[in-house]
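Geometric and topological summary
Listed below are the residues making up each chain.
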Amino acid sequence: MNFGGTIRPNNKAVAIFLISVATLYLIYTWTSSTSAAKEYSAAAEKVSIGEILCAAIAAAEAGGREVKAVREKGTELNEKSKGKTKEGVKDVLTDGDIRSHQVMFRTLTGAFPHVKVISEEHDESKILVESAKFDKKCPALEQISKLEWAPNDSITIWIDPLDATKEYTENLLDYVTTMVCIAVKGEPVLGVIHKPFEKKTYWAWVGQGMAEELLEISKAPEAENDSFIISLSHTGDAVENRIKSKFPNANVEKAGGAGYKSLQIASRHSGAYVHMTHIKKWDVCAGHAILKALGGRVTTMKNEPIKYGANDPVLIKNGLLASLHNGDFYSKLFTE
């Protein structure tokens, strides 16, 4: 019996195997390239900034309704601690923050799935609130001089679902706002600040138009150079002392909420908004866009520009200096 015979390969079977492997490889590379092409196409596809404006207003107002409803229920806010700020102030989270975040975030990501949306809050553990509906041809567009489009990957949307949460828990509701900001290539171009307990919405699109409410409040006489607005809780004494070392008789207002303070500058109640410590970009982006649209100036305390791109740091480490007029004056004052 011969067990040492030669095994001869079946040429037809080998050919079929090789063809199958080649086919699978081609299918894999084609699907991979198609998927990558679709992702690239979605990123490069242009979206209407006007439609984002309509969605941003709807989102901020819907978030405001949630904030107001939770506060007015008269029940517990279910406060949770997120830790403490650098200054040792308790950073709290309430049901108002979560519900507002969910409706705002879902509204914007649902309408613009290929645009990066960055929110202060991230609680998605339980669906409590669905997205808000909005009209893509909302009345705000009547105030716009020229509609514009931008690629999805050039746009970043920053949202603050409840600005001045500490004051919200203390029932200091004048300071509470919800905010949305649209940045294109890192530049703040559109800001929305909604005051839920006054049912007022202020928005501006740089170079294109702004809300009638904003035009109205910006008609006031120019603020005095020695009038300032600072934080109610974030090392206010240190900031006030520095201001009064420059202006012994300065008029210094202490207030909660970056959105509120930005509107105080827009309405000319104060000459400059001064914040000397760390601050997050979702706190200031909307106000930055509004003040920029009004001809104002917003920088760090070291006169550095602030960028709001998706890959830029969230934290502004060198404070904030915002003014509607005399930006060079304030910049020199605090960098000397």
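Described below are features of the structure shown in this document.

Parameters at a glance
- Residues numbered from 1 in each chain as written.
- Predicted model: local features only at pLDDT ≥ 70, side-chain atom pairs only at ≥ 80, totals over all residues.
- Heavy atoms only, no water.
- Buried < 20%, exposed > 50% of the residue type's maximum accessible area, 1.4 Å probe, protein only.
- Helix = DSSP H or I, 4+ residues; strand = E, 2+ residues; numbered from the N terminus.
- Pairing = 2+ DSSP bridges.
- Disulfide = S-S within 2.5 Å.
- Phe/Tyr/Trp six-rings, centres within 6.5 Å; stacked < 30°, edge-to-face > 60°.

**Here we look at the pairing of strand S7 (residues 177–184)**
Of all eight residues in S7, eight are buried, a share of seventy percent or more. Burial of the side chains of S7 extends over both faces: Thr177, Met179, Cys181 and Ala183 are buried on one face and Thr178, Val180, Ile182 and Val184 on the other. Inspection of the sheet shows strand S6 (residues 155–163) paired to S7 by seven bridges, in the antiparallel sense. Note that in S7 the partner of isoleucine 159 across the bridge is valine 180.

**Observations concerning the state of the cysteines**
Linking two cysteines covalently via their sulfur atoms produces the bond known as a disulfide. Tallying each qualifying case throughout the model produces two disulfides. The residue that forms a disulfide with cysteine 54 is cysteine 138, at a sulfur-sulfur distance of 2.1 Å. Judged by the sign of its S-S torsion, about -80 degrees, the bond between cysteine 54 and cysteine 138 is left-handed. Separated by 84 residues along the polypeptide, cysteine 54 in helix H2 (residues 49–72) and cysteine 138 in the loop between strand S4 (116–119) and strand S5 (149–151) bring together distant segments of the chain. Of the two residues, cysteine 54 and cysteine 138, both sit in the buried class. Across the disulfide from cysteine 181 sits cysteine 285; the S-S distance is 2.1 Å. Because the torsion about its S-S bond is -45 degrees, the bridge between cysteine 181 and cysteine 285 counts as left-handed. Residue cysteine 181 is located in strand S7, and its partner cysteine 285 is located in helix H8 (residues 281–293); the two are separated by 104 residues in the primary sequence. Per residue, the accessibility class of cysteine 181 equals that of cysteine 285, and both read buried. Here the cysteine-cysteine linkages of the chain are recorded as 1-2, 3-4, numbering only bonded cysteines and doing so in sequence order.

**Quick word on the packing of aromatic side chains**
Two aromatic rings are characterised by how far apart their centres lie and by the angle between their planes. Summed over all chains, the structure comprises seven aromatic pairs. Between tryptophan 158 and tyrosine 308, the aromatic rings sit 6.3 Å apart at their centres with planes inclined by 80 degrees, giving edge-to-face as the arrangement. Here tryptophan 158, found in strand S6, pairs with tyrosine 308, found in the loop between strand S15 (297–299) and strand S16 (315–316); they are 150 residues apart in sequence, far enough to count as distant. By the burial criterion, tryptophan 158 is buried, and tyrosine 308 matches it. Measuring from centroid to centroid gives 4.9 Å for tyrosine 175 and tyrosine 260, while their planes differ by 85 degrees, and the two rings are edge-to-face. Here the residue tyrosine 175 occupies a position in the loop between helix H4 (165–169) and S7, and tyrosine 260 occupies one in helix H7 (residues 258–266), the gap between them amounting to 85 residues. You'll find tyrosine 175 and tyrosine 260 in the same group, each marked buried.

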